[in-house]
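Examination of the molecular architecture
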Amino acid sequence: DLPPVPYLTQMDYFIVGATLLVFFALVQAVITSRMVRAGYAETALKIDRVCRLVFPAMFFVILVVSLTP
């Protein structure tokens, strides 16, 4: 348990950032699956390849930002 404080802590920033990242990954998966069903499989694969690099990079940024005082 963390003590209740009236401001956002480093842990709060990390949890919010990681939660948003999971949400955006879900949105990306839904969009690309609909694109495949609509016949845009090649474009969906390109988006997926880009996201395979972007999401880990964004997680690293969230980690660094949440650890800086």
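The sections below set out a description of the structure shown in this document.

Procedures and definitions
Residues numbered from 1 in each chain as written. Predicted model: local features only at pLDDT ≥ 70, side-chain atom pairs only at ≥ 80, totals over all residues. Heavy atoms only, no water. Axes fitted to C-alpha atoms, helices over the stretch in contact; angles between N-to-C directions. Helix = DSSP H or I, 4+ residues; strand = E, 2+ residues; numbered from the N terminus. Parallel < 35°, antiparallel > 145°, perpendicular 65-115°, else oblique. Nonpolar A, V, L, I, M, F, W, Y, C, P; charged D, E, K, R; others polar. Phe/Tyr/Trp six-rings, centres within 6.5 Å; stacked < 30°, edge-to-face > 60°. Buried < 20%, exposed > 50% of the residue type's maximum accessible area, 1.4 Å probe, protein only.

1. A short note on the packing of helix 1 (residues 10–37) against helix 2 (residues 41–67)
At a minimum axis distance of 10 Å, the contact between helix 1 and helix 2 shows a crossing angle of 180 degrees. Overall, the two elements helix 1 and helix 2 adopt an arrangement that is roughly antiparallel. A breakdown of the residues in the contact of helix 1 with helix 2 according to their chemical character gives 18 nonpolar, six polar and one charged.

2. Focus: the packing of aromatic side chains
The full count for this structure, using the stated rule, is two aromatic pairs. On the basis of an interplanar angle of 70 degrees and a centroid distance of 5.9 Å, the ring pair of Phe-14 and Phe-59 is categorised as edge-to-face. Taken together, the residues span a long stretch of sequence, with Phe-14 in helix 1 and Phe-59 in helix 2 at a distance of 45 residues. When the ring of Phe-23 is compared with that of Phe-24, the centres are 5.8 Å apart and the planes differ by 55 degrees; the resulting orientation is tilted. Accessibility expressed as a relative area gives 42% for Phe-24, which makes it partly exposed.

As far as function goes, none of this settles anything; it's purely spatial.
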